[in-house]
Amino acid sequence: MTPEFVVILLGLTLVAFLYSSVGHGGASGYLAILSLTSYASMSNEWLKQTAWCLNLVVAAIAFHHYRKAGHHNSSLTIPFIVTSIPAAFLGGMMVVNDVLYDTLLSFILIWAAIRIVQGIGVELENEVKPPSKSIAMSSGVGIGTISGIIGVGGGIFLSPLLILKGWGTAKTVAATSAIFIWVNSFAGLLGVAARGGLNLEVSILGPFTVCVIFGGFVGAKFGAGDSSQYTIRRLLAIVLILAALRRTLGVLGLWV
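Residues numbered from 1 in each chain as written. Predicted model: local features only at pLDDT ≥ 70, side-chain atom pairs only at ≥ 80, totals over all residues. Heavy atoms only, no water.

A. Main features of the pattern of salt bridges. Within the structure shown, the criterion is met by two salt bridges. Salt-bridge contacts for Glu 45 lead to Lys 48; the nearest nitrogen and oxygen are separated by 3.6 Å. One end of the pair, Glu 45, and the other, Lys 48, are both in helix α3 (residues 44–68), three residues apart, so they sit about a helical turn from each other. Note on accessibility: Glu 45 and Lys 48 belong to one class, buried. Arg 195 is paired through a salt bridge with Glu 45; the nearest N and O atoms lie 2.7 Å apart. One end of the pair, Arg 195, is in the loop between α8 (170–194) and α9 (202–223); the other, Glu 45, is in helix α3, and 150 residues separate them in sequence. Given the relative accessible area of 28%, Arg 195 is considered partly exposed. Members of the salt-bridge network, linked through shared partners, are Glu 45, Lys 48 and Arg 195. (Salt bridge = Lys/Arg side-chain N within 4 Å of Asp/Glu carboxyl O. Helix = DSSP H or I, 4+ residues; strand = E, 2+ residues; numbered from the N terminus. Buried < 20%, exposed > 50% of the residue type's maximum accessible area, 1.4 Å probe, protein only.)

Put into C-alpha cells, the structure is as follows:
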C-alpha cells in the first residue's frame, strides 16, 4: 500500500463524512480526490463508475439516518425521482470526449461550490413552499440527464435548487437528496451496463468502500442530529473548487 493510496483512502473517508452530513453520496468529492492523484490518468468511464458505486453506499447510509430522524418527505421526493431515473439511465449510456467531460465537470463543480456557499433557505416546515409536480418532474429530467453524463448522483444540483427555492428545510432537502442520489447512481450504472461499458475493479473498489462506509456513517449521524451545516458547506466548497481547478488545468494542458 503506497503512501499515495493511504492519502486517497483518508481523503475518501473525509469526503464521505462531509457529503453524508448534508445527505449527499459524495461522487463529486470522490472525483475531486481521484482527479488530484495518479488516478486522474484513468478513463472518465472508470472514474464515474467508481464514484457511482461509492455513491450507492454513502447515499444509502445518509438516507437511513435522515429518514430515521423523521426528515424524509416522500411527497417532495417522488416527483423528482420518477423522471430522473430514466433520464439518468439515458445519460449513463452517453459517452463524451475528454475535453467536453472535463469542461462540464469543472463548470459543475465550481457552480456547486458557489451555490453551497451562498445557500440560504427556510428554517421551519411552515415556511416551506413545495413545487408543483410539473416543475419537480421537469427538474428531475434535467438533473438526471446531466448526472448520468457526468457521473454524479445529482445531489450537487438538487440540494441548492431545493434550498434556494424554499421547497424544503435543510434537513428535508438532505433526506430527499440522499434517495435521489441513490436511484440516479443506480440508473446511471445500469445505463453503462446496457451498452456494455461496465468496468469495475474490485481490488480497488473494496478498500474505497470500507473507508466511505466509516466516513458516511459518522457523517450522516452527525448531520441528521442538531449540528450546523455551515462549516461543512465551506469545506465542501473548497474540495469542489480544487477539483474544478484540476480538471480545468487538464483541459488547458497545464496538468498532465
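B. Layout of the nonpolar core. Counting residues in each nonpolar core, the largest one holds 60 residues, and the members touching the most others are Tyr 30, Tyr 39, Phe 80 and Phe 208. Tallying contributions element by element places α3 first for this core, with 11 residues. In contact with Phe 208, other than residues within four places in its own chain, are Phe 5, Ile 8, Leu 9, Leu 12, Leu 34, Tyr 39, Thr 50 and Leu 54. (Core = buried A, V, L, I, M, F, W, Y, C linked by side-chain atoms within 4.5 Å. Contact = heavy atoms within 4.5 Å.)

C. Spotlight on the packing of aromatic side chains. The full count for this structure, using the stated rule, is six aromatic pairs. When the centroid spacing of 6.2 Å and the interplanar angle of 45 degrees are considered together, the rings of Phe 80 and Trp 167 count as tilted. Placement of the pair is Phe 80 in helix α4 (residues 74–93) and Trp 167 in the loop between α7 (155–164) and α8, with a sequence separation of 87 residues. By relative accessible area, Trp 167 is classed as buried at 10%. What links up through ring pairs into an aromatic cluster is the set Phe 5, Tyr 39, Trp 46 and Phe 208. (Phe/Tyr/Trp six-rings, centres within 6.5 Å; stacked < 30°, edge-to-face > 60°.)

D. Inspection of the packing of helix α1 (residues 3–20) against helix α2 (residues 27–35) at higher detail. Packing of α1 against α2 brings their axes to within 9 Å, and their N-to-C directions diverge by 160 degrees. One finds that α1 runs roughly antiparallel with respect to α2. In terms of crossing hand, the pair formed by α1 and α2 is right-handed. Contacts between α1 and α2 involve Ile 8, Gly 11, Leu 12, Val 15, Ala 16 and Tyr 19 on the former and, on the latter, Ser 28, Gly 29, Tyr 30, Ile 33 and Leu 34. Here the contact of α1 with α2 is composed, by residue class, of eight nonpolar, three polar and no charged. (Axes fitted to C-alpha atoms, helices over the stretch in contact; angles between N-to-C directions. Parallel < 35°, antiparallel > 145°, perpendicular 65-115°, else oblique. Left-handed = near helix turned anticlockwise from the far one by under 90°. Nonpolar A, V, L, I, M, F, W, Y, C, P; charged D, E, K, R; others polar.)

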